[in-house]
Amino acid sequence: PVVAIVGRPNVGKSSLFNRIVGRRQAIVSEIAGTTRDRLIAEAEWEDHHFILVDTGGLEPNPEGEIRERVQEQADMALGDADVIVFVTDVTEGVTPIDHALADRFRRTDKPVVLAVNKVDNDNRELAGTEFYELGIADPLFVSAYHNFGIHNLMEEVVSHFPPGLQDADSDLTPLDDAVSSQIKLSIVGRTNVGKSLLINTILGQDRSIVSDIAGTTRDAIDTFFTYEGKEMVLIDTAGIRRPGKVQRGIEQYSVIRAVTAVNRADITLLVTDASELGSAQDAHIAGLAWELCRGLMVVVNKWDLDPDGGRLAMERAA
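Because the structure is a prediction, the values reported are computed rather than measured. (Residues numbered from 1 in each chain as written. Predicted model: local features only at pLDDT ≥ 70, side-chain atom pairs only at ≥ 80, totals over all residues. Heavy atoms only, no water.)

S.K.: Please clarify how the sheet that holds strand S2 (residues 39-45) should be interpreted in this entry.
M.R.: Hydrogen bonds between backbone atoms are what pair the strands of a sheet, whose relative direction is either parallel or antiparallel. One open sheet holds the 6 strands; their spatial order is S2-S3-S1-S4-S5-S6, and the pairing between them is mixed. A strand with exactly one partner marks an edge of an open sheet, and here the two such strands are S2 and strand S6 (140-141). Taken together, the 4 bridges between strand S1 (residues 2-6) and strand S3 (residues 48-54) define a ladder with parallel strand orientation. The residue bridging Val3 from the neighbouring strand is Leu52, located in S3. Relative to the sheet, helix H1 (residues 13-21) contacts S1, S2, S3 and strand S4 (83-89), its axis offset from that of S3 by approximately 155 degrees. Packing of helix H5 (residues 150-158) onto the sheet brings it into contact with S1, S2, S3, S4, strand S5 (112-117) and S6, and relative to S2 it is tilted by some 95 degrees. (Pairing = 2+ DSSP bridges. Helix = DSSP H or I, 4+ residues; strand = E, 2+ residues; numbered from the N terminus. Contact = heavy atoms within 4.5 Å. Axes fitted to C-alpha atoms, helices over the stretch in contact; angles between N-to-C directions.)

In structure tokens:
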């Protein structure tokens, strides 16, 4: 079963995602719009195995290229979902966007679980009763940060799993064993060299948001796929800039996720730009994989844009 966590920006979707999967996989920040791509993770709850999907904030009228792509990613998650977890924020109350999303979810035939987040005291629980007016489901009061109400939420989620899927758990390989048997490929490099586009080309789908704006990718995005009978995991990462250029906050967390991706990968694909000279930062990233004893492959992207072409371009990349 696929469970999609959706809602407007900055209601705590990524905090809830991390709480359910049991690790800090998604970057959490008070800045709205931190999550952009779909984050997918295998999760389990009391012997129920499922796929959990974190999404960027849904907005009725997104402005700008990045926000429009975020909506596309969220729409893909909704299309694949068996159960939708609609997250709201008790501290801001019911908003016009919540009403718009509730109207949208009423038109779907998929089960919707309404989670009212940030309920960490009696007063907020009392205030949360206003979410009954959305009229899509009884609100469940939770605090992802304080681990309050998560058990009741997940009991409601698994109760909606399709019958043919929720009884098949006994035939599944344990998650740790299944993941350990897969070849993990991390895609790393400087900002704006085409890592996400390479991911999408390999998979044949728009898995990651692609934009000319540097720093579009933030989280480390795992995607499972099969190539010639071999199970693999592609890990898309944020661009790694020189330490002095990395800004505190979201970008800093993104770089940490990228470095961690190299550590847990079997092979690192270092993506470079054929239209630019190889930089000291490329050598630094390659050295990181070398020091961690990971396989390393150098991918020279944008070959068609190099003015020299052919042998000279290869020498520049080297």
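Continuing now.
S.K.: Would you explain the pairing of S4 in this entry?
M.R.: Moving residue by residue along a regular strand, the side chains alternate between the two faces of the sheet. For S4, a buried count of 7 out of 7 residues is recorded, marking the element as mostly surrounded by other parts of the structure. A two-sided burial pattern is seen for S4, the buried positions comprising Val83, Val85, Val87 and Asp89 on one face and Ile84, Phe86 and Thr88 on the other. The sheet contact formed by S1 and S4 spans 4 bridges and is parallel. Counted as the bridge partner of Ala4 is Ile84 from S4. Note that S4 and S5 share 6 bridges and pair parallel. (Buried < 20%, exposed > 50% of the residue type's maximum accessible area, 1.4 Å probe, protein only.)

S.K.: Before we go on, may I ask you to explain the pattern of salt bridges in this structure?
M.R.: If charged atoms from side chains of opposite charge come close, those side chains can pair. Taken as a whole and judged by the stated rule, the model has 7 salt bridges. Of the charged contacts in the structure, one is a salt bridge between Asp75 and Arg104, with a shortest N-O distance of 2.6 Å. Pair noted here: Asp75 is in helix H2 (residues 65-80) and Arg104 is in helix H3 (residues 96-106), with a separation of 29 residues, a long-range link. According to the relative accessible area criterion, Arg104 is partly exposed, its value standing at 33%. Close ionic contact of Arg106 with Asp103 constitutes a salt bridge, the shortest N to O distance being 2.1 Å. Here Asp103 and Arg106 lie together in helix H3, a separation of 3 residues that amounts to about one turn. What makes Asp103 partly exposed here is its relative accessible area of 34%. Through salt bridges with shared partners, a single ionic network connects Arg8, Glu92 and Asp98. (Salt bridge = Lys/Arg side-chain N within 4 Å of Asp/Glu carboxyl O.)

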